[in-house]
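Okay, here's what each chain looks like letter by letter:
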Amino acid sequence: MENVFKGVGIGAVLISESGQHYPALAKIIFHFTNNMGEYEACILEISMEVDMNIIEVLVIGDFDLLIHQVQGERTTKNIKILLYLHCVKELCKKFTNIELKYIHRIQNKFADALANLSSMI
């Protein structure tokens, strides 16, 4: 039997100041680490905000290491993660104000549900 990689889902939810929810999901179909998946989800979310011409953003997520790396509090020598980190930092420059805040995964159920849904597609 052939071993086929079916991919894993990622999800993000944009919530406007008025409370409107904009869910997004995608499927990663290449081999990646958990940290790469977190960066993919973050890039998905921030790219949506750029496309919607949003200029002030609060990114809330359960990706603690990513947040510390973007804020310059932690480093990495992994070239793949460095490429992701550079991409996120470049996207962050497109906002007049951007803040990244960590929450526990249990508090991020909607985005987690989207990721699970996208992996089933």
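Since this is a predicted model, take the numbers as computed values, not measurements.

Before going further, it helps to spend a moment on the overall build of the protein chain. A tally of helices and strands in the protein chain yields four helices and four strands. Going from N to C terminus, the protein chain has its helices and strands arranged as β-β-α-β-α-α-β-α. In the protein chain, which comprises 121 residues, the share counted as buried stands at 36%. A total accessible area of about 7900 Å² is found for the protein chain, and carbon and sulfur atoms account for 55% of it.

In this section: the side chain of E49. Here E49 lies in helix α1 (residues 34-51). Nearest to the buried, unbridged E49 among oppositely charged side chains is K94, at 12 Å. Setting aside its immediate chain neighbours within four residues, E49 contacts L14, I54, V57, V59 and F95.

A separate point is helix α3 (residues 79-92). Along its 14 residues, α3 runs 20 Å from first to last C-alpha, staying within 8% of the 20 Å computed at 1.5 Å per residue. On its buried face, α3 is in contact with α1, α2 (64-70) and β4 (97-102). The opening residue of α3 is N78, an N-cap whose side-chain oxygen sits 2.8 Å from the backbone nitrogen of K80.

What follows deals with the nonpolar core. Note that soluble globular proteins tend to have their nonpolar side chains buried in a common cluster. Ranked by size, the top nonpolar core spans 19 residues in total, and within it Y39, I46, L66, V70 and V88 carry the most contacts. Contributing elements (two or more residues each) for this core: α1, β3 (56-61), α2 and α3. The greatest single-element share of this core, amounting to six residues, is contributed by α3. With sequence-adjacent residues up to four places away left out, Y39 is seen in contact with L66, Q69, V70, I81, Y84, L85 and V88.

All right, on to α1 then. The end-to-end C-alpha distance of α1, which contains 18 residues, comes to 26 Å, matching closely the 26 Å that a straight helix rising 1.5 Å per residue would cover. Taken as a whole, α1 has its buried residues at M36, G37, E38, Y39, A41, C42, I43, E45, I46, M48 and E49. Looking at the residues trailing α1, positive phi occurs at N53, about 60 degrees.

In a structure, side chains of opposite charge can pair up when their charged atoms sit close to one another. Overall, the coordinates contain one salt bridge when judged by the stated rule. For K93, the salt bridge identified is with E90, shortest N-O distance 2.9 Å. Classification of K93 by relative accessible area gives exposed; the value is 60%.

A separate point is the environment of K89. Looking at the element boundaries, K89 is found in helix α3. Its relative accessible area of 36% is what places K89 among the partly exposed residues. Along the backbone, K89 and I43 are 46 residues apart, and their C-alpha atoms lie at a distance of 9.9 Å. Non-local contacts of K89, meaning those with residues more than four positions away in its chain, are made with Q69 and V70.

Rules used throughout
- In this convention, every chain numbers its residues from 1, walking through the sequence in written order.
- Selection of residues for local features in this predicted model requires a pLDDT of at least 70, selection of side-chain atom pairs for listing and counting requires 80 or more, and totals for whole chains, interfaces and linings are taken over all residues.
- Hydrogens are left out, water is left out, and the side-chain values use all remaining heavy atoms of the structure.
- Strands here are runs of E lasting at least two residues and helices are runs of H or I lasting at least four, both read from the DSSP assignment and numbered beginning at the N terminus.
- Buried, partly exposed and exposed residues are distinguished by accessible area as a fraction of the type maximum, computed with a 1.4 Å probe on protein chains only: under 20%, between the cut-offs, and over 50%, respectively.
- Note on areas: Shrake-Rupley with a 1.4 Å probe; residue coverage comes only from the protein chains shown.
- We score Asp and Glu as negative and Lys and Arg as positive, and we do not count His or the chain ends.
- For salt bridges, the criterion is a side-chain nitrogen of Lys or Arg within 4 Å of an Asp or Glu carboxyl oxygen.
- Between two residues, a contact is recorded if the distance between any of their heavy atoms is within 4.5 Å.
- One less than the residue count of a helix, multiplied by 1.5 Å, gives the span that helix is expected to have.
- Any N or O atom pair separated by 3.5 Å or less is treated as a polar contact, with the protein-specific requirement of one donor-capable and one acceptor-capable atom, and with residues adjacent in sequence counted only for side-chain atom pairs.
- We call a set of buried residues a nonpolar core when its members are Ala, Val, Leu, Ile, Met, Phe, Trp, Tyr or Cys and they connect through side-chain atoms within 4.5 Å of each other.

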